[in-house]
Structures are given as C-alpha cells and as structure tokens.
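Chain by chain, the residues run as shown.
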4 protein chains.
Amino acid sequence: MYGGVAGEAGRPVPLCRFFRINCTGEVNNMIVNMSEKATEQEITHVIERIREAGYQPHVTRGVERTIVAAVGSGRRHEIEALQVAPGVDTVVAIAQPFKLVSRQVRPERSVVEINGVRIGGPEVVVIAGPCSVESREQLLDTAHAVRQAGASMLRGGAYKPRTSPYDFQGLGLEALKILSEAREQTGLPVVTEVMSTEDVDVICEHVDMLQVGARNMQNFALLRRLATVNRPILLKRGPSATVKEWLLAAEYLLSGGNQQVVLCERGIKTFETEMRNTFDLAAVALARDLSHLPVIADPSHGTGKQSLIAAVSRAAVAVGADGLIIEVHPCPERALSDGPQSLDFAGFEKVMRALREPLRPTAVPRVAALSAQS
Amino acid sequence: MYGGVAGEAGRPVPLCRFFRINCTGEVNNMIVNMSEKATEQEITHVIERIREAGYQPHVTRGVERTIVAAVGSGRRHEIEALQVAPGVDTVVAIAQPFKLVSRQVRPERSVVEINGVRIGGPEVVVIAGPCSVESREQLLDTAHAVRQAGASMLRGGAYKPRTSPYDFQGLGLEALKILSEAREQTGLPVVTEVMSTEDVDVICEHVDMLQVGARNMQNFALLRRLATVNRPILLKRGPSATVKEWLLAAEYLLSGGNQQVVLCERGIKTFETEMRNTFDLAAVALARDLSHLPVIADPSHGTGKQSLIAAVSRAAVAVGADGLIIEVHPCPERALSDGPQSLDFAGFEKVMRALREPLRPTAVPRVAALSAQS
Amino acid sequence: MYGGVAGEAGRPVPLCRFFRINCTGEVNNMIVNMSEKATEQEITHVIERIREAGYQPHVTRGVERTIVAAVGSGRRHEIEALQVAPGVDTVVAIAQPFKLVSRQVRPERSVVEINGVRIGGPEVVVIAGPCSVESREQLLDTAHAVRQAGASMLRGGAYKPRTSPYDFQGLGLEALKILSEAREQTGLPVVTEVMSTEDVDVICEHVDMLQVGARNMQNFALLRRLATVNRPILLKRGPSATVKEWLLAAEYLLSGGNQQVVLCERGIKTFETEMRNTFDLAAVALARDLSHLPVIADPSHGTGKQSLIAAVSRAAVAVGADGLIIEVHPCPERALSDGPQSLDFAGFEKVMRALREPLRPTAVPRVAALSAQS
Amino acid sequence: MYGGVAGEAGRPVPLCRFFRINCTGEVNNMIVNMSEKATEQEITHVIERIREAGYQPHVTRGVERTIVAAVGSGRRHEIEALQVAPGVDTVVAIAQPFKLVSRQVRPERSVVEINGVRIGGPEVVVIAGPCSVESREQLLDTAHAVRQAGASMLRGGAYKPRTSPYDFQGLGLEALKILSEAREQTGLPVVTEVMSTEDVDVICEHVDMLQVGARNMQNFALLRRLATVNRPILLKRGPSATVKEWLLAAEYLLSGGNQQVVLCERGIKTFETEMRNTFDLAAVALARDLSHLPVIADPSHGTGKQSLIAAVSRAAVAVGADGLIIEVHPCPERALSDGPQSLDFAGFEKVMRALREPLRPTAVPRVAALSAQS
C-alpha cells in the first residue's frame, strides 16, 4: 500500500512503466520550501523523494526555515506533489516548462511560409476576409477587394464555432470549395479554421493554412492531429489562456512534428465590457521575447469594434506583430456573424493606409529649459 | 447591391441564397404552452404547424401540461398565430438565448439517472476518485475506499487534457478496462472524461457517464457527437465561460437529442493567484435558477487546495449543488496529476463527515437590547 | 555614480539612511535563479548584493544553472531588484509578506467585540440594514425589522462612494445622528462606511464600528488613520484585490496599533456579467486559514441579485464565515442605491429562516453495490 | 406606505422628504446645442432656464457653436421645452453617464498645459523619472539624464502607496523639495502622486501636476478636493476599472471645477501572471473616442517588465496616446520600489530612439498573384 503519508510500505511504486517512457528527461529546477516547524524526519523524507524523482537534492538551512532545491533532470510532477507532504510549505518551479518553442533552444526568429507568403520576415503580412464564407459572390468580391487594398492572404470560415447551436454554423465543404476558387482567382493563400479532427483531411485538400480557434487552443486531440499534417498552423490564444499556456499549446504542435506554427493574439476575457475582449498587445511582445515563432494579431476579435481597428492595427505593428488578421465583409450589417467588428471594403482600405502613416513625433524639451542648465 | 459604402458595382446581392434557406425570418425561439386539457390531436397539430413555419418542434411532456418549443429559425409570426389554435394556452418568446435547458420550458427540476444513481433528487451525490487512473491497484484501492466513506460514484481519468505535452497523458484504453473492473467490484457507476470524438465509442463501452472537461466546453464538434450517444453527460463549465455560455453548451446537447445532462461548476480563472481557480458557488445557485438541469460542484479544481476542500464542499451543498465531484488518491504526493488538490483516504472521510455537520448557529440579538425597546 | 549595471563606481550608495530605519528586520527567504549563461562574475555580484542586503547567501550549483538563496532577515526589495541584474533569470519570494495578521504569529482565532456583539465566536453574527440612510423613518423601520428577524447589528451608509458624481452621495452627519438614534432604540451596534480621514472623528462619535469600503481597501492614508482610532474596523476586500493584498491592508491596521479588525469578502470583478460580482466564498475559507482575524461575507454585493441571497448566505455560513452583512430596505424598488440587491423585510426574514435549515443529506451507496463487494 | 411586501404598518412613506430636495425629477443630463447664429442674449436665456429647472449649467464655447449642458438633477421636461427657445438648435439626452468629459459635449480635443508643456497637442509628451524619490543625487541625476534623452516632464514619488506597510513609504516633504530643485535645474515640470487630502496643499506648493494613483481612482473624497485646486491632474485608471468608471472619476474633477485633467492607462488586473498587469492599449483608443481629454499611457506599470517597455511604448504612440510616463532609475537593481520595471539611463535612451523608428512595412501581394487575376 502507498497509504499513509508517503508510501513507506512494501508495495512497488505502481506508476513507473508509463512514465519512464514518456516523461523522463525534463530539465527543471524546483524549490521545496519547508515550513518553520518541519522536523528533521520530514526534511529527510523530502530529500529522499527528490532523489527518487531523479533530481539532485541541495539543502539550504536558514535561520528560520530550510529550503531544499531539486536540481537537474527528473520527474517534475513528483516534486510538485510534495506540496502536500508533511512539513512542506510551498513548492516553486523555476524554469519555463516549454522547450521547442523557446528562444533558449532557437535564438533566431522562425519564418513560416504559406504558399509563397512569409510570416516572420521583414514585412508585416495582412490576412483579410469575412468571418464566415456565406456565398460564392460574397467571398470572391471580398477576396478581390482585400487583395486590391494590399492583403497578402485570405481568411474565411467554413466551420464556425458558435456559442449557440441555433446560430449559423458555416457552409462546410461548400465554403472550402469557394475558398479554393478564390485562391485560384486572386493568388492569395487561404487560411480557415478547423474545429474537429474529422475535418482535417478535407480542409488540407482545399486550403493553405489551418487555424486553431481560440476555444480550441487546448483541444489537445486536435493539436496532436495537426502536429502530423503538412500544413502551417495558425494557433490563436485562448480567451483565458496565459502566454505560457499558449506557448505550451504550440509545444504540442512542435513536439508532434509540425514546426510551421504562427501564434495569434486575439484578445482575452476581462471585466471590461465596452469592448468584446481586452486586446493584449504586450503579450505579442512577450511571446516574441519567449519564443522564436512568428506572432500575429487579430484586431477584429481583439476589440470587437469597427471604430478601433485602425488604431489598434497600427499599435500591433508597432509592438512587433509579424502580421494582422482582419475581418472584412462586403456589407457588415448583413453579415451572418461578427458584423459589428467587420470592416467594409472602404474601411479596410483606410486601415491599410493607416499602416503606412508615420508615428506621431515626440515633443522635445523646451529651449528655455535647456539653456537653464548651462 | 448590399448598399452602403461597399458593393457599389451593381453586382447582385451575394449573401441571400444561403441566407434564405437557413436563416430567413427572425431567429427567435418561441414556446407554445398547451392547456392542461389539450388533446393529443391538438398537440399534434401544433407540432405540425411549427414544422411548417420552419422551426424544429421539441415536445416536453410534464406532469400537468405539455409544452412545445419552436427552435431554430423560422417565420415567427406563424407561431404567434398559434395563440388562437385549439388547446393552446399561451405563446411566448424567450429572452434568454438558451431554450431547452431553461426553466421556462421545464419548470420542474430534471433528475439524471446514471445506472441507478439519481442526480437532481433529494440527496446530494458524491462522486470521488483519482484525477488519473495510474494503475490497477491505485484505482481499485481508491474505489473501495471512497465507497466505504460514502461516495456513490467513481471518477478516474483515462484520457487527460494536459497543458504541457510532456506531462502524463493518461493510460487510455487500459484505464477504461480498470475503471470497468472497479465498477464490477464496487457497484459504483463510473464517469470519465472524453476529449475527442474518436474516443467516444470505446469510452461508451466501458463507463456509465461521459465528462466534457472545462477546456472542451466549447468543443462543438465533440458536443454534437455526444448529443447522439446513449449516455448521460457531465458538462464542466469552462474556466472563462459565463453562466450563459455554459448553458448554451448544454443546449447543444439537448437540442441534438441528449437530455441526460448534468452541469458542473469547477472554478473560473481570475487574477487571484493563491488558489488554482475562483470557485464560483453563486453560479451554482444561478444555474439552478435559470435551468432545470442538475448542477454539481468540483471543489478540487475549484480551489486547487487540499486544505480548503471540506469547507467549500459544505458551502457547495449549502448553496444548492446536487452533487460533488472530489479528487481522491491513495498518496497525493505521488499522484501523476493534481496531487496538491487531491485528498488521501483519511482526508476524504473527513470531508464526508463534514457534510453531515450542522450549520453554525446564528447569534440572537442581545436580551438587554431587546428589553431596551419596550 | 551608481550608473552602469550595478553601481560599481565611486559614489556612496545613496538610499541607506532612510531605509535602515524603517525596513530592517523582515524575515523573508528569497531565491535568485541565475540564467544558464550566467558568468562566475555575475554570480559573485549577486552573492555580494545578497550579503549587502542583510541576508546570508546560499549557493546551489545545478547541472545547467545556479541558484542563490537569500536566507534570514534583510532588505527584501534589494533582492527583488536583482531581477534586473545581469545574469539573473528570476527572483522568487518564499515566505508570506504579512506578519501580524498571520496565524503563524497567532494560531488561535481572534474575536472582535463591537459594543457587546462578538464576531469570531461560536455564533454567526448577522449585520443588516439599508445601503444608504435615506431618512429617519426608513432607517428606524429597518432597524426594528431586522432586529425582529434576528440581526445583531445595524448597517447604514452616511457617506456613499458613488461611481458617478451625479448619484446620491449620502446624508452625511444627518445620517450619523439617525444611526445613533436607531442604536438607542434597538440596542443594535451600528457600522457605517468611512471614506475620508476628515470624517473619522465625527463618525467615531456616532457609531460603533467603521467600515473601509472595497474601493478604499488600498487607501493607505485612511488605513493609517484608522489604525489609531479606538473603534473596530470592518475591512472589505477590494474588487480586484488578491487575498494576500487584502491581508496586507489589514496589516496596515494591526501594525499601526488597531487589533480590532474584521475582514469582509464582498465579491470580485470577473468577466461574468450575470451577477454584479463573483462572490469568492473559497477566499473566506482561505483568509481564515491564513489569518486569525474574523471573516464575514456580504452576499448583497457578492451577487447583486436579491434572488440569490438566501442560497449564498447559507453557503457563506457553511464555508466558515463568522458573520454576514446584508442589505435590507423597506422598499427596494424605491431605494436610492443598490435596490436590485436589497431585500425587503419579508425577504430578509426568509433568509434568516434559511440559515436555520439543515444541509441536504448525502446519498449513500446502493445496497446492491455494497453486497457486491462481499 | 412604501407598498409591496414591506411597510404594511400604515406609517407614512419615509423616503420622500430627502428625495425631494436632492433628487426630484429624473436624474438625466441634457445637452442644449445652440445654433451657429445664436446671440449672447439667447445663450444667457438658456443658461438661466437650466438653472431654474434645477440643473447646473455648464457652457462650452467651440469654434463654431456653443453648447450648454444641464448637469445634475432637475426637471427634465423644462429642458426639453427649450427646444423651441430662440437660438436653440437641438436638445438631446446623453446616454452615457458621463457628461463633461464626453466628446458629445466637446467634440474637439482638449489640450492640458503644465507649466509650458502641452499634452494633447500634435506631439507626444514623454514624462520620465524614478518610481520614488530616494535621495537628492538619485533624483537630480535622473532628471538631467531623462531631459538629455528627450523627456519633457519629470516624475518622482514623494508619498508612495505600498501594498505592504513594511515597504518603503516615500520621503514625503523632503522628496517634494528635491523635486522642486530638479525643476529649477532642468526646467522640466514635475508631477507627483497625492494620496491624501491632507497632503494636497503642500504638494501644490512644490510641483506642477498632481497624480491620482490607480488605487485612488475611486477615492471620491480625494477627487472632490482635487476638483478645487489650481493644478492639472493626472488621473490613472484603476486596476479593475472599466473605461466608463474611469471617465466617471474624471467627471468628478470636471464637474467640481477642474478642467485640467489628463487620463492615464496603466494596465489592468487579469489572470495573466507573466506580466504585472495587462496593458490595455485599445482602451487608450476607446477613451479618446469617448472623451475629449488627453490620454497618456504608462508602459512601466502596464507591463512591469523592463524588456517590453520599448515595444509597448511604440504601440502606445501608434494607438494614439498623447504621452508616455516611464520609470527611470540610475540603478534599477538598487531601486527601493519598482526596480524590475525601471529602465536605466541607457535603456531610456533606447526607448526614446525606438519612438523615432518607422513602422515595419506591410507586405504587398505577390506579383505573380496579381497577374493571375488578369
């Protein structure tokens, strides 16, 4: 029995077979902070457990309490679980949990190429198109219009994740065919959302890049499947995902074999109600600091407000985004989804022009003041 | 012309073909309340008229009267006109976007039966077991221990949604077989999480209830598949889902044909960092106010802290929860997942005892004060 | 100059005079995690800085990186600032930053007495009354009604913090006199909110307990002033305050000389929009775990919904709250503030009755199942 | 009788006396748009009528036309009747609860002048300096350095709001004198935080602009006092304040008589833990959409991370911020507060240079693709 505090008795530890195969070899330092009243026996127990878990224990005895570091490579969860061992106050992890996406592994920036368009290079790539493909005319009109205005890629939803089962759920295969035709007519590579492992093959046949939507960022079955396809993936950040969780979702793709991943910030859920989401532009800078993967931004979902798209698009470029993905519809007030945040063609042209305007100049200190110093 | 700024080119309105088919008319659900004396023939007439008007009819037969919901997109005015049809009492529009889950459709509370265990009845149902099935011994020991302490159902993860691809991902089919054996030995019905449409069939073969995890609450492909299975579903609230979005996720299940749905509050993500989540117990009361479905609570994920489980479990029962789902492990400090929030057997027994303790008494105003009035 | 990375050059460190007087003597262990590429020189610099800051440095050299612990008593902020020293990856604090409020300092629970009413003892204390004092009759009627129903203390706002300058701001001194009269008539001790240091004296003359409102939880000038008064303080948690920040606000009061502090959870701001706030009942349990101070709960602000007050009040008592503070108004639909969350007299009586009802029983495992085991 | 459930006792309605005086009629602000040709006499007549109706009149004279707002509580119908008065164009009710800060009242942007520096004009104003004034040398060195690098104003804390009572609380009056000396030496106007009504006078003597910190955004006693001083106010957004609440806090200042208000976004609290706050840059654009007041941004608190300051500062300018306030310290690793987010002198110069770099260019659609269309 493992019963009691720490499995002191007879029975062999049961978990090891599986674990050894999959999880050995993490580099992760952990700190176990003993409580002020921890006994010598409790400290010894922790030291032994750290050793069993494959780490080297390093003991630091302070005036009031003892700290035991788990150093090296071991089974991290066994240290995390010491949180509930007797005499332990807290357990703190030190290193970041992601690896392949990290700039520590790959300091130079990655470039993802989607059928000739390079995201992560010197230029900002603009992806535009309607939330949903609603009809052939709607999509083709939009495709020509956004290319005319300067977009390099086309977006359009075929399978729509809708909060209510009674809302428009997308045209499915019909939409994929329309997207494919739009690419032929305009030369714009196409990205569309994939919601289910069952749709992966048919989507790969018709489009150039697959998007994992915000609500599916932690749909791990889907991520594992997409790790094996020969298509670049656009991975949106979940509405309540930390930057760390977002990078770990990308880690599923890279560790499964697909290196062609572009991250996309699209706003997080907060208490603010004036905008659909809180557009976390600093997270774009942070994700680029932590990871070598390209990062783009979605000002349409990020704010949910047509009137703010131009300003926040400029901000996204200024903060370092490698691209933008913007919702454009021939007639937003008739859109079957996301009308309030979609731009019409003229509005989109205005945003594209705004991206070329210089930054407002910075004031210089007054001359009188400068002379005051001398 | 789609008018306005865009589409000046004289091209025909692009969106309409599709729209006419699916979304014509107002998208608005209606409820037709039949009178207590309505005949079968009158009910059948209403059902047919709803279908003709472009809605899907959903019939709910209560003890006293029958209600027919008109769900989807149709010609609303044709439903309104049913007001004067024989056997009809009233016709009302529903303000809330969910329908079949609403107490307006079904005022009496639903009871979901899982292989003999009734959730939503007069008694609180406790579901207990480890986060993950790690081995046969671990699971069987736990199953016997939690039944001994008073649990009515067993939980155990076979497929684990893990933030990092390097964390333990579950034993899969092997775990399902172990769960099945535990049920045979203990008689406890079993619930396990389903993460992918591809696993649905094999899971249905082995367990009694399927859980949709918090991260999959809006995995609509999964919800649509589960709407068609002959198993009750435990639907966890997403970490950033509003109560309304949670009920709409349940609506996917009910509108797709599966009425056996239990809701589960498991904490939401907020700025607070001392606990894993913020356990939203008021949402349990609110969900029970808005919906007839049973609602249970998960104090383990809700707080992430062993030391708080007893207190918040009592609170969950006090606020009206129809059940609790609690993580129990023979040795939490060796658990492969969720160790810090898992109880050992003694800890679980203590929680079960706490559920039987009376509420702390309320102070009465002082006697001196009372006499001061007279 | 302190210029450059770390003040290597000539000029004396400027900050020390002030700091030595005020901040010496914190017991706090810190961990400085060096980056993988840290040089020996950078490690040495950190070790020296830790020693200068009054701590003992303890070095742990791992396979890939070095960790330096700062052990003992020193100037914590100097270690925190090492975050930006060259070669440093992260700095982590270990111990909790609060002291006098902590159960580590005082394991037994504190009882705060307010003119004969004891909060923190074996009984739950109910405080009730209107959001604002609107008139003599309104307050006196309410005072008698809530005492009749079982409340032990009276609440009523004289100075109101209102989001808009155009909303009702309270009757001020007139309200204080009315509250004083109500206490004489009913014998109920009175609590009212204080918003400004300037009002402290006049409020102390008229009432028994002073409330620091949620928006003023970190109004440190006010806290410092209240630390010196001879009245118990009711300290509400801020709408975005962590439990730690809340306890540190209480620490201002205790460290300034006022030990008579009652904490009050009143809901935090989250993305959920159906309720005014997210009532964080687990935080009540956590605060009682971390601190010896009594903790009460405010279901009125916690949910903002009349219909949920009874359920969440029961939950608050079940989770361990030492008291409740509930808004009651003779006619909520005419209230000048907080109408939607105020109970009328009958509603309040119903809540008081609900507090005496037993918890719903727990189901027992089925007999068939039990026999299956043998 | 106040009717309904309560108040059956036949007692007279208690609330009315007070209500009649302060709150009679509907509380609803109205805007009277005078025609372009309105005479002074006609404007005066409208002002008098507004006063008679119980509102406070606030006159805004624009380039083309004059607007008179009716603010407060009055008899609305009397204002509506002004529709037919001579010189009046239209009378409209305002939906948003704020009035004087609104662009509906004043469409052109306001400029706030601080001792010669204009915020809200064509140039971006950079305010820089240490979190806290720690010593004369520290502040003077910093003042010279930031002016050299291009800052137009100096910041420095004298009274510090600190979460823990054991943290450095500021040098107080001594700091104010040092700030004053720095201004004399460099000519830079100075801004410092005011935490208490009691410190207002002494701070006004020494500095040019008073900052209301994030935690005091809803310290209404402080706002009311600052509405009466002859100094511009820098009003930071609270960590959990909506944009609407922030503008209503500004409304306290304007309605109390102080028109010289600059808003400052400094990050909000969310679940994200990698950064100190979530920097809400879209809120800068939104606040400028809703209000005529200048809006600046604080990238130091907004992110809490030195390494992100340059990127998010550029983004803030791109989104439309009228200025930046940035923490600079001679030696961040020795700072008494906010070290991890403070820049050293070289880091600040780098940020100032970054503000002059052009935006990254947008990719153009591929030529091959363009020809594919023809």
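Predicted model only: the values in this text are computed from it and were never measured.

**Quick word on the overall build of chain A**
Stage number 1. A count of helices and strands for chain A gives 13 helices and 16 strands.
Stage number 2. Here chain A, with 374 residues, has 69% of them falling under the buried criterion.
Stage number 3. Within chain A, contacts between residues separated by at least 24 positions form 67% of all contacts whose residues are at least 6 apart in sequence.

**Some details on the interface of chain B and chain D**
Stage number 1. At the junction of the two partners, chain B supplies four residues and chain D supplies four residues.
Stage number 2. Interface area for chain B against chain D, summed over the two sides, is near 300 Å², with a carbon-plus-sulfur share of 78%.
Stage number 3. Counting the contacts that link chain B with chain D gives zero salt bridges.
Stage number 4. Partitioning the side of chain B that touches chain D into residue classes produces one nonpolar, two polar and one charged.

**A closer look at the environment of Ile43 of chain C**
All names here are of chain C.
Stage number 1. With respect to the secondary-structure elements, Ile43 resides in helix H2 (residues 40-52).
Stage number 2. Classification of Ile43 as buried rests on a relative accessible area of 4%.
Stage number 3. When the C-alpha atoms of Ile43 and Val32 are compared, they prove to be 9.8 Å apart, with eleven residues separating the residues in sequence.

**Regarding the pairing of strand S11 (residues 233-236) of chain B**
Residue and element names in this part refer to chain B.
Stage number 1. Side-chain alternation along S11 places Ile233 and Leu235 on one buried face and Leu234 and Lys236 on a second face that is also buried.
Stage number 2. Relative to S11, strand S10 (residues 209-212) runs parallel, the two sharing three bridges. Its bridge partner lying in S11, Leu210 is registered against Ile233.
Stage number 3. Handedness of the S10-helix H7 (residues 220-226)-S11 crossover: right-handed.
Stage number 4. Taken together, the four bridges between S11 and strand S12 (residues 261-265) define a ladder with parallel strand orientation. Each bridged residue has a counterpart across the sheet, and for Ile233 the counterpart in S12 is Val261.
Stage number 5. Each parallel crossover has a hand, and for S11 linked through helix H8 (residues 243-256) to S12 it is right-handed.

**Focus: helix H8 (residues 243-255) of chain D**
Residue and element names in this part refer to chain D.
Stage number 1. Over its 13 residues, H8 extends 18 Å from the first C-alpha to the last, a length consistent with the 18 Å expected when each residue adds 1.5 Å.
Stage number 2. Burial analysis of H8 places twelve of its 13 residues in the buried class, the great majority of the element.
Stage number 3. Note on H8: the residue one or two positions beyond its end, Gly257, has a positive phi of about 120 degrees.

**Focus: the environment of Gln185 of chain D**
Residue and element names in this part refer to chain D.
Stage number 1. One can find Gln185 in helix H5 (residues 173-186).
Stage number 2. Judged by relative accessible area, Gln185 falls into the partly exposed class, the value being 26%.
Stage number 3. Expressed as a C-alpha distance, the spacing of Gln185 and Arg231, which sit 46 residues apart in the sequence, is 21 Å.

**Observations regarding the sheet that holds strand S9 (residues 125-129) of chain A**
Residue and element names in this part refer to chain A.
Stage number 1. Strand order in the closed barrel formed by eight strands is S9-S10-S11-S12-S13-S14-S15-S16, with parallel pairing between adjacent strands. Strand after strand, the sheet turns through a mean of 25 degrees between neighbouring axes, direction not considered.
Stage number 2. Each of S9 and strand S10 (153-155) is contacted by helix H4 (residues 136-149), which is oriented at about 150 degrees to S10, the strand it contacts most.
Stage number 3. The sheet contacts of helix H11 (residues 309-319) involve strand S15 (295-297) and strand S16 (323-327), and relative to S16 the element is tilted by about 160 degrees.

**Some thoughts on the pattern of salt bridges**
Stage number 1. Counted under the stated rule, the structure contains 62 salt bridges over all chains.
Stage number 2. Arg49 of chain A serves as the salt-bridge partner of Glu78 of chain A, at 3.6 Å between the closest nitrogen and oxygen. One end of the pair, Glu78 of chain A, is in helix H3 (residues 76-80); the other, Arg49 of chain A, is in helix H2 (residues 40-52), with 29 residues separating them in the sequence. With respect to burial, Glu78 of chain A and Arg49 of chain A carry one shared label: buried.
Stage number 3. Between Asp298 of chain C and Lys236 of chain C there is a salt bridge, with the nearest N and O atoms lying 2.5 Å from each other.

**Comments concerning the interface of chain D and chain A**
Stage number 1. Opposite the 75 residues of chain D that make contact, chain A presents 74 residues.
Stage number 2. With both chains or domains summed, chain D and chain A bury close to 5,600 Å², and 58% of this area falls on carbon and sulfur atoms.
Stage number 3. It is Phe271, Leu359 and Arg360 of chain D in chain D that bury the most area against chain A; as a group they hold 14% of the surface buried on that side.
Stage number 4. There are six salt bridges connecting chain D and chain A.
Stage number 5. In this structure, the salt-bridge partner of Lys244 of chain A is Glu274 of chain D, at a minimum N-O distance of 3.3 Å.
Stage number 6. Run the count over chain D and chain A and you get 23 residue pairs in polar contact (both at pLDDT 80 or more).
Stage number 7. Those elements giving two or more residues to the side of chain D that touches chain A turn out to be strand S7 (125-129), helix H4 (136-149), H5, H8, helix H9 (281-290), helix H11 (309-319) and helix H13 (367-373) of chain D.
Stage number 8. In terms of residue count, H9 of chain D provides more of the side of chain D that touches chain A than any other element does, eight residues in total.
Stage number 9. For the side of chain D that touches chain A, the residue count by class is 38 nonpolar, 21 polar and 16 charged.

**Some thoughts on the confidence of the model for chain A**
Residues and elements named next belong to chain A.
Stage number 1. Per-residue confidence for chain A gives a mean pLDDT of 86, with 89% of residues at or over 70.
Stage number 2. This stretch, residues 1-27, has a pLDDT under 50; its non-local contacts, to residues over four places away or in other chains, come to 55 contacts.
Stage number 3. Low pLDDT (under 50) marks residues 368-374, which in the prediction has ten contacts with non-local residues, meaning those over four places away or in another chain.
Stage number 4. Overall fold confidence for the complex sits at a pTM of 0.84, while the interface term, ipTM, reaches 0.85.

**Things to note about unusual backbone geometry**
Residues and elements named next belong to chain A.
Stage number 1. At Asn115, a position not held by glycine, the phi torsion is positive, near 50 degrees.
Stage number 2. Within the secondary structure layout, Asn115 lies in the loop between strand S7 (112-114) and strand S8 (117-119).
Stage number 3. Residue Asn115 is classed as partly exposed on the basis of its relative accessible area of 45%.

**Description of the sheet that holds strand S7 (residues 125-129) of chain B**
All names here are of chain B.
Stage number 1. The strand order around the closed barrel formed by eight strands is S7-S8-S9-S10-S11-S12-S13-S14, and the pairing between neighbours is parallel. Taken pair by pair, the neighbouring strands of this sheet meet at an average axis angle of 25 degrees, ignoring direction.
Stage number 2. Each of strand S8 (153-155) and strand S9 (190-193) touches helix H5 (residues 173-186); the most contacted strand, S9, lies at about 165 degrees to it.

**Remarks on the relation of the copies chain B and chain D**
Stage number 1. You can overlay chain B on chain D at an RMSD of 0.3 Å; the transform is a turn of 180 degrees with a shift of 0.0 Å along its axis. One copy is carried onto the other by what is essentially a two-fold rotation axis. When each C-alpha of chain B is compared by its distance to the rotation axis, Phe271 of chain B comes out closest, at 2.0 Å.

**Here we look at the side chain of Ser300 of chain C**
Residue and element names in this part refer to chain C.
Stage number 1. When you line up the elements, Ser300 lands in helix H10 (residues 299-303).
Stage number 2. Within the local environment of Ser300, its side chain forms a polar contact with the backbone nitrogen of Glu327, the two atoms lying 2.9 Å apart.
Stage number 3. For Ser300, the residues in contact, after removing those within four places along its chain, are Lys305, Ile309, Ile325, Ile326, Glu327 and Gln341.

**Notes on the packing of H4 of chain A against helix H12 (residues 345-354) of chain A**
When two helices pack together, their arrangement is given by the angle between the helix axes and the distance between those axes.
All names here are of chain A.
Stage number 1. At a minimum axis separation of 9 Å, H4 and H12 run at an interaxial angle of 25 degrees. In this view, H4 runs roughly parallel relative to H12, as classed from their interaxial angle. Our pair here, H4 against H12, has a crossing hand that is right-handed. Residue-level inspection shows Asp141, Thr142, Ala145, Val146 and Ala149 of H4 in contact with H12, the latter providing Phe345, Phe348, Glu349 and Met352.
Stage number 2. Taken together, the residues of the contact of H4 with H12 sort by class into six nonpolar, one polar and two charged.

**With respect to the side chain of Thr192 of chain C**
All names here are of chain C.
Stage number 1. Along the chain, the position of Thr192 falls in strand S11 (residues 190-193).
Stage number 2. Residue classification places Thr192 among the buried residues on the basis of a relative accessible area of 1%.
Stage number 3. Here Ala158 takes part through its backbone nitrogen, which lies 3.4 Å from a polar atom of the side chain of Thr192.
Stage number 4. Residue contacts for Thr192: discarding those within four places in its chain leaves Gly156, Gly157, Ala158, Leu176, Leu179, Ile203, Val207, Met209, Leu210 and Gln211.

**Structural notes on the packing of aromatic side chains**
Residues and elements named next belong to chain A.
Stage number 1. According to the stated counting rule, one finds four aromatic pairs over all chains in the structure shown.
Stage number 2. Ring geometry for Phe220 versus Tyr252: centroids 4.7 Å apart, planes at 25 degrees, classification stacked. One end of the pair, Phe220, is in helix H7 (residues 220-226); the other, Tyr252, is in helix H8 (residues 243-256), and 32 residues separate them in sequence.
Stage number 3. On the basis of relative accessible area, Tyr252 is assigned to the buried category, the value being 3%.

What counts as what
Residues numbered from 1 in each chain as written. Chains lettered and ligands numbered in written order. Predicted model: local features only at pLDDT ≥ 70, side-chain atom pairs only at ≥ 80, totals over all residues. Heavy atoms only, no water. Helix = DSSP H or I, 4+ residues; strand = E, 2+ residues; numbered from the N terminus. Buried < 20%, exposed > 50% of the residue type's maximum accessible area, 1.4 Å probe, protein only. Contact = heavy atoms within 4.5 Å. Buried area = accessible area lost by both parts, 1.4 Å probe. Salt bridge = Lys/Arg side-chain N within 4 Å of Asp/Glu carboxyl O. Nonpolar A, V, L, I, M, F, W, Y, C, P; charged D, E, K, R; others polar. Pairing = 2+ DSSP bridges. Right-handed = clockwise from strand over helix to strand, strands pointing away. Expected span 1.5 Å × (residues − 1). Axes fitted to C-alpha atoms, helices over the stretch in contact; angles between N-to-C directions. Polar contact = N/O pair within 3.5 Å; in protein donor to acceptor, adjacent residues only side chain to side chain. pLDDT = per-residue confidence, 0-100. Least-squares fit on C-alpha atoms with pLDDT ≥ 70 in both. Parallel < 35°, antiparallel > 145°, perpendicular 65-115°, else oblique. Left-handed = near helix turned anticlockwise from the far one by under 90°. Phe/Tyr/Trp six-rings, centres within 6.5 Å; stacked < 30°, edge-to-face > 60°.

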